[in-house]
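Spelled out, the chains give:
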Amino acid sequence: MATRQASLLLGPSALGRWAPSVTRALFPESSKVVLTMLGQLGLIYWFFLMGLQLNLGSQLKRIEKKSMAVAVVSLLSPFLVAHLCVVTADSLVPESMRINVPIFYVAVFLALPAISVLAHTGIEHKLLETPSGRLALSSAISMQLLLIPIFHLALSFKPTPGQPWAPLWRLTSSVIFIAVVFALSRTVLARIKNKVNGSFSSFILIAVAVAGGVTEAIGTHLTTGPLIFAIFMPNGLLTAALVKKLEDVVALLVPLIFTMIGQQIDLAKMFTGPSGWTLAVVLLATFLGKCMVVGLVTTLFDYAFVDGFLAGVLLTTKGMIDAVLLGWSAGAEEHQLAEQGFVILVFSVIVINFVVTLLIRLLHRRPAPTESDMSCRTLQHMRWDTPFRVLACFHGHHMVTTLISLLKATQATSKSPIKLSALRLVHATAGCTTVVGDVNTTLNSSQDDQNNPITVAFSSQKSMQNILVEHFTRTSTYSTMDEDITKLAVDTDSAFIILPFQRHLSETAESNGNYFRSVVQKVLTNAPCSVGILVHRGLMRTSTHAFRHVAVLFFGGPDDREALAFAARMAKQEGTNISIVRFLPASHSSTKSHKMGAEWTPVHSMRTVSDDIDREKVVDDYCISQFQMQMAGKKSVSYTEKFVSCGAETVASIQSMNHGRELFIVGRCQPTIDSAMISGMEEWNEFPELGLMGDFLVSPDFSAVSVLVVQQHVWQKNVSDNAFVSLEGGKHPNVTGAWYSSKSNVTVRQTVGQRDPAWQWNLNVAF
């Protein structure tokens, strides 16, 4: 959008009016031809990239009747409504106010949707998850399948004065061109489709440019050749490589054509005559009429009228490319479209998209969180005989190997398998054609994306027994990406969300990571279950072997207890060595170390509850004791207590553990920690979402490669913070030592003892 606005400001609408000498210096006549040619080349590659992303060839097999019906109605209704509006306007207004634009251009302009703008609008407002959004996008794709032959035939039969045989020549040449492209796809392209090579990529790019030139020379249009080439282009690794390269090429070249269009547009001429107002009213009436007709037709397929109307609104989203093709290439050059009408059509792109956004906000209401969103789902209170459901998010593929190593180090049995939902998060950028392909993959999730590096990485693993993987893809903006994560966590009934967090080496990657940090912070606030932030520093981990040496830092509090629960599951996996290190204030004797293979005595006696901090420490003591009992006899698990008096000693103690540790696990927040133990460390808190200890572990002062920062889910319904519930029903104890009756809101406080049966049951479930 910024590119479009800048192109208008550089033209006669602003800079050309106030400083024409500056405009002539920026855009001399000698450069306009070159800029126009480069812009047209960008247009060719833009349509070729759009065709690849839509995968139009395979879409022919998945056309639904309702999508095709809505596509046909959306194409034809603007012609009927616009004709009625023009006839009505001509009968009501004087001749001086009648529009001087052919009705054909008005109808075509409102009939064609901009798929990339439609997809981005649906993503931004979370409409693609609704029936109206899915219907609109599938209908837009069906519309493209209809438009390619119709547009090609219409241009082929366009009459040429003085050349009666010209339509036949264009039609014959078009058939020969399609046959040549088809033969090329079955021979040369089929052989190189999986060969990622610079020379092959250059060959395809040159062939696409030649295809655009051939169709322009035939007399159809330079965009039809790239679209036909994309339809017959076989899927493979070469196609994926081309998409990545063309994304940058298109982003560089297409703004040039917007700039040249801006040089021809003077917004002051929009309403210089009375006919401009009539054209604006006809455009608005045709827009609303098309939406109502689509809404009525969708009721035949059991859609609500509002949903159908909303689908019609989405099918009217416009892009500047539409106005460029319609006005500049087809109309203005042949003097069939007056300058005033062309300016109004271009400016109406901005107005129509504003009206579309306004109608979406009025008609679409996002569903409120359900009751299941508020249930308590933590590792500490999960049964050992139930599936361990994990939602792992990937923003890129850098964390895939690290997650595989973590899963291999975690116990998965036939009674408690790990059910992993692998969610690939794709950032949607405005005007980016790649978003269409990602949304298309999301809507057709049943298709196997062999080129997805995440899918390939998991498919190549043969030693992941009792680990079931299901792949998802969600395309959204950073502002709404957290909603996709939390909603999928609820839908998959996940007990643990794993978010990626990487300290990047390059400035560009770090900038993208900073945008994703806001997503992490929102998920931490709104997650329906416990959350783990998996940090991998530096370059991507190359090995997928299980983590063998894991250290757990325990300072106290709900998050540290959740980290301890995750470590308990890892400790049951054969070959995983767990070191539990508990940090306590220096009020006791020297450091104690204890191996679970020997006899042990419970650490610390249970204290009397006096305040909130002491109540938390009561639960910490009991969780440690229960962990020791559950791990008795396992020589791969060790427990150590370290007593520190200041932040410097805490840092020194943690740094002394760095040698040989592949993974550190720590809770995000430690509400019960003694302030003296972290004195001075608060000044280092660069990443608040990782907590104080997590931030130190990923700092340059510490060389830990992988860190897992854990946050326990808080149940927020009718109970105080940090409460947790016994699955047996009845009375529920919380970590503050209070009893909450399930039949009333009356709270009766009592001291919780070590032999309390309710506590015993809950902690046995945890460990």
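Remember, predicted model here, so these are calculated numbers, not experimental data.

**Describing the overall build of the protein**
Within the protein, the secondary structure is distributed over 27 helices and 14 strands. Taken over 767 residues, the protein has a buried fraction of 54%. Taken as a whole, the protein presents about 33,500 Å² of accessible surface, with 60% of it coming from carbon and sulfur.

**Some points on a nonpolar patch on the surface**
A cluster of nonpolar side chains, namely Met 292, Leu 296, Phe 305, Val 306, Phe 354, Leu 358, Leu 362 and Leu 363, defines an oily patch on the protein surface of about 770 Å² accessible area. Every element with two or more residues in the nonpolar patch is listed here: helix H14 (274-298), helix H15 (305-314) and helix H17 (339-363). The dominant element in the nonpolar patch, judged by the number of residues it contributes, is H17, at four residues. Here Leu 363 shows up in helix H17. Its relative accessible area of 33% is what places Leu 363 among the partly exposed residues.

**So, the pattern of salt bridges**
For side chains of opposite charge, pairing can occur when their charged atoms come near one another. Enumeration over the complete set of coordinates arrives at six salt bridges. Note that Arg 517 and Glu 689 form a salt bridge whose closest N and O atoms lie 2.5 Å from each other. Placement of the pair is Arg 517 in helix H22 (residues 507-526) and Glu 689 in the loop between strand E10 (663-667) and helix H26 (691-697), with a sequence separation of 172 residues. Here Arg 517 and Glu 689 have matching classes, each one buried. The salt bridge partner of Arg 561 is Glu 616, with a shortest N-O separation of 3.2 Å. Here Arg 561 is found in helix H23 (residues 558-571), whereas its partner Glu 616 is found in helix H24 (residues 612-630), with 55 residues between them in sequence. In this structure, a network of salt bridges that share partners links the residues Arg 561, Glu 616 and Asp 620.

**Topic: the packing of aromatic side chains**
Ring pairs (aromatic) are described by centroid distance and by the angle formed between their planes. What the rule picks out here adds up to eight aromatic pairs. Ring geometry for Phe 555 against Phe 583: centres 4.6 Å apart, planes inclined by 10 degrees, an arrangement best described as stacked. Taken together, the residues Phe 555 in the loop between strand E6 (549-554) and H23 and Phe 583 in strand E7 (residues 577-585) connect sequence positions 28 residues apart. Across this residue pair, the class does not change: Phe 555 and Phe 583 are buried. Taken together, the aromatic side chains of Phe 388, Phe 496 and Phe 566 make up a single cluster linked through ring pairs.

**Observations concerning the packing of helix H11 (residues 198-218) against helix H12 (residues 224-232)**
Running from N to C, H11 and H12 point in directions that differ by 135 degrees, and their axes come no closer than 7 Å. Taken as axis vectors, H11 and H12 run oblique relative to one another. Between H11 and H12 lies a crossing whose hand is right-handed. Contacts between H11 and H12 pair Ile 204, Ala 207, Val 208, Ala 211, Gly 212 and Thr 215 from the former with Thr 224, Gly 225, Pro 226 and Phe 229 from the latter. Of the residues contributing to the contact of H11 with H12, the split by class is six nonpolar, four polar and no charged.

**Description of the environment of Val 666**
Mapped onto the elements, Val 666 comes out in strand E10. The class for Val 666 is buried, based on a relative accessible area of 0%. Those residues in contact with Val 666, other than ones at most four positions away along the chain, are Leu 553, Asp 560, Ala 563, Met 693, Gly 694, Leu 697, Leu 708, Val 709 and Val 710.

**Side note on the side chain of Arg 668**
The residue Arg 668 is located in the loop between E10 and H26 in this model. It is Asp 559 that comes nearest to the buried, bridge-free Arg 668 among opposite-charge side chains, at 5.5 Å. In this structure the side chain of Arg 668 is engaged in a polar contact, spanning 2.8 Å, whose partner is the backbone oxygen of Glu 689. Only 2.9 Å separates the side chain of Arg 668 from the side chain of Gln 711, close enough to count as a polar contact. In this structure Arg 668 touches Leu 524, Asp 559, Pro 688, Glu 689, Leu 690, Gly 691, Leu 692, Val 709, Val 710 and Gln 711, once residues within four positions along its chain are discounted.

**Some thoughts on the confidence of the model for the protein**
Mean pLDDT over the protein: 76, with 75% of residues reaching 70 or higher. Here residues 330-336 scores under 50 on pLDDT; set against residues more than four positions off or in separate chains, the count is 13 contacts. Confidence drops under a pLDDT of 50 for residues 370-374, and excluding neighbours within four residues, the segment shows seven contacts in the predicted structure.

**Focus: helix H7 (residues 103-111)**
Most of H7 is tucked away: seven of the nine residues are buried. Burial in H7 covers these residues: Tyr 105, Val 106, Ala 107, Val 108, Phe 109, Leu 110 and Ala 111.

**Here's the deal with the nonpolar core**
Ranked by internal contacts, the top residues of the largest apolar core, which has 83 residues, are Phe 48, Ile 204, Phe 229, Met 233 and Leu 283. With 10 residues, the top contributor of residues to this core is helix H4 (residues 29-54). With sequence-adjacent residues up to four places away left out, Met 233 is seen in contact with Leu 52, Leu 189, Ile 204, Leu 238, Thr 239 and Leu 242. Counting residues in each nonpolar core, the second largest holds 52 residues, with Ala 409, Ile 498, Phe 566 and Leu 663 among its members.

**Notes on the pairing of E7**
On any regular strand, side chains alternate: one points to one face of the sheet, the next to the other face. Where burial is concerned, most of E7 is hidden: seven out of the nine residues are buried. In the sheet, E6 pairs with E7 via six bridges, with the strands oriented parallel. Note on E7: the bridge partner recorded for Phe 554 is Arg 582.

**Description of the packing of helix H6 (residues 65-92) against H7**
In helix packing, the relevant descriptors are the interaxial angle and the interaxial distance, both defined with respect to the helix axes. Packing of H6 against H7 brings their axes to within 8 Å, and their N-to-C directions diverge by 140 degrees. Classed by the angle they form, the pair H6 and H7 counts as oblique. For the pair H6 and H7, the crossing hand works out as right-handed. Of the residues in H7, those touching H6 at Ser 74, Leu 75, Pro 78, Phe 79, Ala 82, His 83 and Val 86 are Ile 103, Phe 104, Ala 107, Val 108, Leu 110 and Ala 111.

**Notes on the state of the cysteines**
In this structure the tally under the stated criterion is zero disulfides. A disulfide-free cysteine, Cys 393 has its sulfur positioned 9.6 Å from the sulfur of Cys 529, the nearest such atom.

**Observations concerning unusual backbone geometry**
With a phi close to 60 degrees, Asn 466 is a non-glycine residue in the positive phi region. By secondary structure assignment, the location of Asn 466 is in the loop between helix H20 (453-459) and strand E3 (467-476). Taking the relative accessible area as the measure of exposure, Asn 466 reaches 33% and is therefore partly exposed. In this model, Asp 493 sits at a positive phi of 55 degrees, which is unusual for a non-glycine residue. Within the secondary structure, Asp 493 sits in the loop between helix H21 (481-491) and strand E4 (496-503). On the accessibility criterion, Asp 493 (43% relative accessible area) is partly exposed.

What counts, and where the lines are drawn
- Sequence order as written defines residue numbering, which begins from 1 separately in each chain.
- Side-chain atom pairs in this predicted model are given and counted only at pLDDT of 80 or more, local residue features only at pLDDT of at least 70, and totals for whole chains, interfaces and linings cover all residues.
- By convention in this description, side-chain values take in all heavy atoms of the structure and omit both hydrogens and water.
- A run of H or I in DSSP becomes a helix once it reaches four residues, and a run of E becomes a strand once it reaches two; helices and strands are each numbered from the N terminus.
- In this scheme, a residue with accessible area under 20% of its type's maximum is buried, one over 50% is exposed, and one in between is partly exposed, where area comes from a 1.4 Å probe on protein chains only.
- Computed by Shrake-Rupley with a 1.4 Å probe, the accessible areas treat only the displayed protein chains as cover when residues are assessed.
- The patches reported here contain residues having more than 30% relative accessible area and no salt bridge. Joining distances are 9 Å for like charges and 5 Å for nonpolar side chains (Val, Leu, Ile, Met, Phe, Trp, Tyr).
- Salt bridges are defined as contacts in which a side-chain nitrogen from Lys or Arg sits within 4 Å of a carboxyl oxygen from Asp or Glu.
- Put simply, two rings from Phe, Tyr or Trp (the six-membered ring, in Trp's case) pair if the centres are within 6.5 Å, and we call them stacked under 30 degrees between planes, edge-to-face over 60, tilted for the rest.
- Axis lines are fitted to C-alpha atoms, over the contacting stretch for helices. Their N-to-C directions set the angle, which ranges from 0 to 180 degrees.
- Oblique is the label for any angle not under 35 degrees, not over 145, and not in the 65 to 115 range, which are roughly parallel, roughly antiparallel and roughly perpendicular in turn.
- By definition, any crossing whose near helix is turned counterclockwise from its far helix by less than a right angle is left-handed, and any crossing with a clockwise turn is right-handed.
- Here a residue-residue contact requires only that any non-hydrogen atoms of the pair lie within 4.5 Å.
- Asp, Glu, Lys and Arg are counted as charged, while Ala, Val, Leu, Ile, Met, Phe, Trp, Tyr, Cys and Pro are counted as nonpolar; the rest, among them Gly, fall into the polar class.
- Charge counting treats Lys and Arg as positive and Asp and Glu as negative, with His and both chain ends excluded.
- Nitrogen and oxygen atoms within 3.5 Å of one another constitute a polar contact, given that in protein one can donate a hydrogen and the other can accept it, and given that sequence-neighbouring residues count only through two side-chain atoms.
- One confidence number per residue, pLDDT, is output by the predictor and ranges from 0 to 100.
- Residue types Ala, Val, Leu, Ile, Met, Phe, Trp, Tyr and Cys, when buried and joined through side-chain atoms within 4.5 Å, form a set referred to as a nonpolar core.
- A pair of strands is labelled paired if DSSP reports no fewer than 2 bridges between them.
- The definition used for a disulfide is geometric: two cysteine sulfur atoms within 2.5 Å.

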